[in-house]
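Survey of secondary and tertiary structure
One letter stands for each residue in the lines below.
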Amino acid sequence: MTSPQQILEHTFGYTEFRGPQRQVIDTLMSGRDALVLMPTGGGKSLCYQIPALARPGCGVVVSPLIALMQDQVEALQAAGVRAAFLNSSLPFDEAQNIETALLHGELDLLYLAPERLLQPRTLGLLQRVELSLFAIDEAHCVSQWGHDFRADYLQLNCLHEQFPRVPRIALTATADQRTREEIARRLDLEGAEHFVSSFDRPNIQYRIAQKNNPRRQLLQFLRDEQQDNAGIVYCLSRSKVENTADWLRQQGFNALPYHAGLPADVRADHQRRFLREDGVIVVATIAFGMGIDKPDVRFVAHLDLPKSVEAYYQETGRAGRDGEASTTLLLYGLEDVVKLGQMAAGSEGSEEHKRQERNRLNAMLGLCEITSCRRQALLRYFAEELPQPCGNCDTCLQPPQTWDGTQAAAKLLSCVYRTGQRFGAAHVIDVLRGSENEKVRKFGHDKVSTYGIGTEYTANEWRAVVRQLVVRGYLEVEGEFQNLRLTEACRPLLRGEESVELRTLPPSAKASRGESRSGAAAADIDPADEPLWQALRACRKQLAEDKGVPPYVIFHDATLRGMVAAKPQSREALLAVSGIGDSKLEKFGDAFLAVLRDFAPASTL
Ligand code: ADP
Ligand code: ZN
């Protein structure tokens, strides 16, 4: 029999286990159960795929997402693994063939949806064959508290009763303690070994910037850093999704809209193109995401503020599952603060519920406004301590400048007071800046003592001051017209007993460019190697089209990058590149070698 290490090398083309993979695999190899909590992209799949191959019999994988099974199985088959799935999408005779293969011991891995597995017929079939393990993926689906609850998952404890000698492994990327305990309890996994990894995603670069011209900021980000990369742009409303997608297409990007208001077939088509084509940008409401298992999403951009830190972490977490450098960009402004605050206030539910929504929103705003490491703050929110600043977020890369905003704040607060606390930010700023517009004159605000006392700052700079004072609780935004009002917290500041440090507006929208330690995928390629990189991508694209699979099923970006770095000119040298195992060498090696030879450095010819 082959050892886990040999399988890692020959089948998957990797040299070393990552994180707790080795221990998890050893646990299953010795017939014991395991509960694995690892962030997205941590490498959960190998934890059960390798022992399923190394132990006698077929491994059964329970997964709630039928749409993903096919991709997972295709990827395994490309690596030479005898894998299959059974679900309601399969024609009857194909399902028959798979059952026959199972009965003849010709399968190493079988993927099943829970409802299929729990059918007495399926359970009977499994009783007749040797099984290496049960893997229960997305195990948080047993949690009634979560968003992904699936009633079928609750019955999976029957596996323990019916197959007492087959080891089980449950896996999830959901971090919190309560869910973990619930999984262990409901799946009878109290005796299992628990493996809890850090939830940090070091390959994701977090950036949060003030909105100043969001379209231009997005465009610059895409053009400078994400050319030809796949990514997701999140917006709050359906109309904004449509408009943004249209506009990106006019700018020459391959952008597709996705929201719950589109017909089901359009949604399915856009999702499919996102998975299968190279470099598609999906502009979406949060309806898009669950079940998107694409490893090479290089960026996630938010054009509106997420409702909570949890939502932000989950949505940004869709970037970089393959462990490659990825970037997240959130643009936020005063209007987001106002809009979300109003949504929370107007939402259904008790006062207590509204208070909680408000708290969640405040935590999110706090994350936006901090001047220390974002990753430390994020992880602290999930009760995890990162000892050092990360060096891979905007505040680490370009420490924000602050300025003493006490005087500006006092001017603004007085102006809100003098104009009667009945106007929104735009009007108050007009008064501060001495505007001569009609509204100012109509209300006689060109006569108040604060008229024209704020000409030293632009309207944009004043908006940043307003936003920060709202976030810090000095100002409240009220009602349909978003009037600004003072709060109790203002008093010490107005009496000159307190000072405020504010963030400086960046000189222009050009965020933190150039200094990033690890930029986007394409940016990491030496300009001299750009043609080779493009040629390798084209080769991958062609093979993917011929085989009707997504490009990453052929090779991940990391593997192409490995080829660019090593420029292998022989099959042996190619095999040394991470991500190339025996089967992929056999199937795709020659095609890529031909490209590599075309670009061979002169000295090796
Ligand atoms: P998860 O299911 O935890 O989100 P995956 O199992 O999809 O993560 O793995 C994420 C990525 O990491 C995949 O591209 C996978 O091939 C890669 N990977 C996993 N384990 C290793 C390893 N030991 N060495 C190199 N790459 C790995
Ligand atoms: Zn940091």
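Fair warning: this is a prediction, and the values are worked out from it, not measured in the lab.

**Some points on the overall build of the chain**
- A tally of helices and strands in the chain yields 28 helices and 17 strands.
- Here the C-alpha radius of gyration of the chain, 27 Å, is about what a compact globule of 605 residues would show, namely 25 Å.
- Based on the C-alpha atoms only, the size of the chain along its principal axes is roughly 90 × 65 × 45 Å.
- Counting every position in the chain, which comprises 605 residues, the buried fraction comes to 53%.
- Split by element, the accessible area of the chain, about 26,600 Å² in all, is 49% carbon and sulfur.
- Charge-centre separation for the chain: the mean point of 70 positive side chains lies 4 Å from the mean point of 78 negative side chains.

**Observations concerning the pattern of salt bridges**
- By the definition in use, this model includes 33 salt bridges.
- Between Arg276 and Glu74 there is a salt bridge, with the nearest N and O atoms lying 3.6 Å from each other. With Arg276 in helix 13 (residues 264-276) and Glu74 in helix 4 (residues 66-78), this residue pair connects regions lying 202 residues apart in the sequence.
- Residue Arg276 is classed as partly exposed on the basis of its relative accessible area, which comes to 24%.
- Accessibility expressed as a relative area gives 15% for Glu74, which makes it buried.
- The network of salt bridges with common partners includes Lys211, Lys240, Asp304 and Asp336.

**Considerations on the environment of Gly19**
- Structurally, Gly19 is set in the loop between helix 1 (4-10) and helix 2 (21-29).
- Judged by relative accessible area, Gly19 falls into the exposed class, the value being 61%.
- Sequence separation of Gly19 and Met38 is 19 residues, and the distance between their C-alpha atoms is 9.4 Å.

**Topic: the sheet that holds strand 11 (residues 281-284)**
- If you trace the six strands from one edge of the open sheet to the other, you get 8-13-12-9-11-10, paired in parallel fashion. Each having just a single partner strand, strand 8 (204-210) and strand 10 (255-258) make up the two edges of the open sheet. The mean inter-strand angle of the sheet, taken between neighbouring strand axes irrespective of direction, is 15°.
- For strand 10 and strand 11, the ladder comprises four bridges, and the chain directions are parallel. Directly across from Pro257, in strand 11, lies its bridge partner Val283.
- Here helix 14 (residues 309-316) sits on the sheet and contacts strand 8, strand 9 (231-234), strand 12 (299-302) and strand 13 (326-332); the angle it forms with strand 8, its principal contact strand, is near 125°.

**Topic: the coordination of the zinc ion (ligand 2)**
- In this structure, Cys373 (SG), Cys390 (SG), Cys393 (SG) and Cys396 (SG) serve as the protein donors to the zinc ion (ligand 2), at separations of 2.3 to 2.4 Å.
- One can describe the site at the zinc ion (ligand 2) as tetrahedral: its four donor atoms subtend angles covering 103 to 119° at the metal.
- Linear spacing of the donor residues for the zinc ion (ligand 2) on their chain is C-x16-C-x2-C-x2-C. In this structure, Cys390 and Cys393 share a single accessibility class: buried.

**Some thoughts on the site of ligand 1**
- Taken together, the neighbourhood of ligand 1 is formed by 16 residues, with Tyr14, Gly41, Ser45, Arg321 and His556 sitting nearest.
- In this structure, a nitrogen atom belonging to ligand 1 sits 2.8 Å away from a main-chain N or O atom of Glu16.
- Between ligand 1 and Arg18 there is a distance of 3.1 Å, counted from an oxygen atom to a side-chain nitrogen or oxygen.
- When ligand 1 sits alone it has 560 Å² of accessible area, and the protein chains cover 85% of it.
- In terms of residue count, helix 3 (residues 44-54) provides more of the shell around ligand 1 than any other element does, three residues in total.

**Considering the domain arrangement of the chain**
- Taken domain by domain, the chain holds domain 1 (4-196), domain 2 (204-397), domain 3 (402-503) and domain 4 (519-604).
- The gap between the C-alpha centroids of domain 1 and domain 3 is 58 Å.

**Quick notes on the sheet that holds strand 5 (residues 131-136)**
- Pairing in this open sheet of seven strands is parallel, and the strands run 3-4-2-5-6-1-7 from one edge to the other. The sheet terminates laterally at strand 3 (83-86) and strand 7 (193-196), the two strands that pair on one side only. Sheet twist, expressed as the mean angle between neighbouring strand axes with direction ignored, is 20°.
- Taken together, the four bridges between strand 1 (residues 34-37) and strand 7 define a ladder with parallel strand orientation. By the bridge assignment, Leu37 is partnered in strand 7 with Val196.
- Sheet strands in contact with helix 2 are strand 1, strand 5, strand 6 (168-172) and strand 7, and its direction is about 165° off that of strand 7.

**A look at helix 4**
- Taking 1.5 Å per residue, 13 residues should reach 18 Å; helix 4 reaches 19 Å between its end C-alpha atoms and fits that length.
- Taken as a whole, helix 4 has its buried residues at Leu68, Met69, Asp71, Gln72, Val73, Glu74, Leu76 and Ala78.
- The inward-facing, buried residues of helix 4 contact helix 3, strand 3, strand 4 (109-112), helix 13, helix 25 (551-554) and helix 28 (582-598).
- At the C-terminal side of helix 4, Gly80 shows a positive phi close to 85°.

**Overview of the pairing of strand 11**
- Burial along strand 11 is two-sided: the residues Ile281 and Val283 and Val282 and Ala284 are all buried.
- Taken together, the four bridges between strand 9 and strand 11 define a ladder with parallel strand orientation. Bridge pairing in strand 11 links Ile232 to Val282.
- With respect to chirality, the unit in which strand 10 leads through helix 13 into the neighbouring parallel strand 11 is right-handed.

**Details of the environment of Phe274**
- For Phe274, the location among the structural elements is in helix 13.
- Note: C-alpha distance between Phe274 and Pro550 (276 residues apart in sequence) is 9.3 Å.
- Ignoring anything within four residues of it in the chain, the contact list for Phe274 reads Ala230, Gly231, Ile232, Val280, Val282, Phe288, Ile292, Lys294 and Val297.

Rules of the game
Residues numbered from 1 in each chain as written. Chains lettered and ligands numbered in written order. Predicted model: local features only at pLDDT ≥ 70, side-chain atom pairs only at ≥ 80, totals over all residues. Heavy atoms only, no water. Helix = DSSP H or I, 4+ residues; strand = E, 2+ residues; numbered from the N terminus. Rg over C-alpha atoms; globule rule 2.2 N^0.38 Å. Buried < 20%, exposed > 50% of the residue type's maximum accessible area, 1.4 Å probe, protein only. Areas by Shrake-Rupley, 256 points an atom, 1.4 Å probe, with all protein chains shown as cover. Lys, Arg positive; Asp, Glu negative; His and termini not counted. Charge placed at Lys NZ, Arg CZ, Asp CG, Glu CD. Salt bridge = Lys/Arg side-chain N within 4 Å of Asp/Glu carboxyl O. Pairing = 2+ DSSP bridges. Axes fitted to C-alpha atoms, helices over the stretch in contact; angles between N-to-C directions. Contact = heavy atoms within 4.5 Å. Donors = N, O, S within 2.8 Å, 3.2 Å for Na, K, Ca; no water. Tetrahedral: all angles 85-135°; square planar, octahedral: opposite > 155°, others 65-115°. Near = heavy atom within 4 Å. Polar contact = N/O pair within 3.5 Å; in protein donor to acceptor, adjacent residues only side chain to side chain. Domains from an automatic or database assignment. Expected span 1.5 Å × (residues − 1). Right-handed = clockwise from strand over helix to strand, strands pointing away.

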